[in-house]
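Summary of structural features
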Amino acid sequence: MKLDYDLIEDGFDDTTNVRTMTEQARIPGGGWLVRTTLYSPHHITAAVTFVPDMEMKETLFDPIA
């Protein structure tokens, strides 16, 4: 199953050359996946969190893109 992610945060720090990007995707059965990725010159780290949604909201956070 392919999820459609919306970009909700994208930041870059030119002092440390670190970029963070946070996206959200609606789960067909209900709830959300929130994925945060941290890019640095030496590492890539990702964290994914499931957020239950009992009210079936249209969006969890407002997309920026």
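Structural notes, computed from the coordinates.

Reading the values: the criteria
All chains use their own residue numbering, which begins from 1 and follows the written sequence. Reporting in this predicted model follows two pLDDT cut-offs: at least 70 for local features of residues, and 80 or more for side-chain atom pairs to be given and counted; totals over whole chains, interfaces and linings ignore these cut-offs and use all residues. Only hydrogens and water are set aside; all other atoms, that is, all heavy atoms of the structure, feed into the side-chain values. Under the DSSP-based scheme used, a helix requires at least four consecutive residues in state H or I and a strand at least two consecutive residues in state E, with every element numbered from the N terminus. Working definition: with a 1.4 Å probe on protein chains only, accessible area under 20% of the residue-type maximum means buried, over 50% means exposed, and in between means partly exposed. It only takes one pair of heavy atoms within 4.5 Å for two residues to be counted as in contact. Note on areas: Shrake-Rupley, 1.4 Å probe, and residue coverage restricted to the protein chains presented here. This count recognises Lys and Arg as positive and Asp and Glu as negative, with His and chain-terminal groups excluded. The atoms used to mark charge sites are NZ of Lys, CZ of Arg, CG of Asp and CD of Glu. DSSP bridges decide pairing: two strands pair if at least two such bridges lie between them. Here, axes are lines fitted to C-alpha atoms. For helices the fit covers the stretch in contact, and angles between N-to-C directions go from 0 to 180 degrees.

1. A closer look at the overall build of the chain
Each helix and strand counted, the chain has zero helices and four strands in total. Helices and strands in the chain line up, N terminus first, as β-β-β-β. Each of the three principal axes of the chain carries a C-alpha extent, and together these read 40 × 20 × 20 Å. Here the chain, with 65 residues, has 23% of them falling under the buried criterion. Taking the contacts inside the chain whose residues are at least 6 apart along the sequence as the reference set, 27% of them involve residues at least 24 apart. Roughly 4800 Å² of accessible area belongs to the chain as shown, and the carbon and sulfur atoms make up 56% of that amount. Side-chain charges in the chain split into 5 positive and 11 negative, and the spacing between the mean points of these groups amounts to 7 Å.

2. Examining the sheet that holds strand β3 (residues 32–39)
Pairing in this open sheet of four strands is antiparallel, and the strands run β1-β2-β3-β4 from one edge to the other. At either margin of the open sheet sits one strand with a lone partner, and together these are β1 (5–13) and β4 (44–51). Pairs of neighbouring strands in the sheet enclose a mean axial angle of 15°, with direction left out of account. Sheet topology note: the β3/β4 ladder contains eight bridges and is antiparallel. Note that in β4 the partner of Leu38 across the bridge is Thr45.

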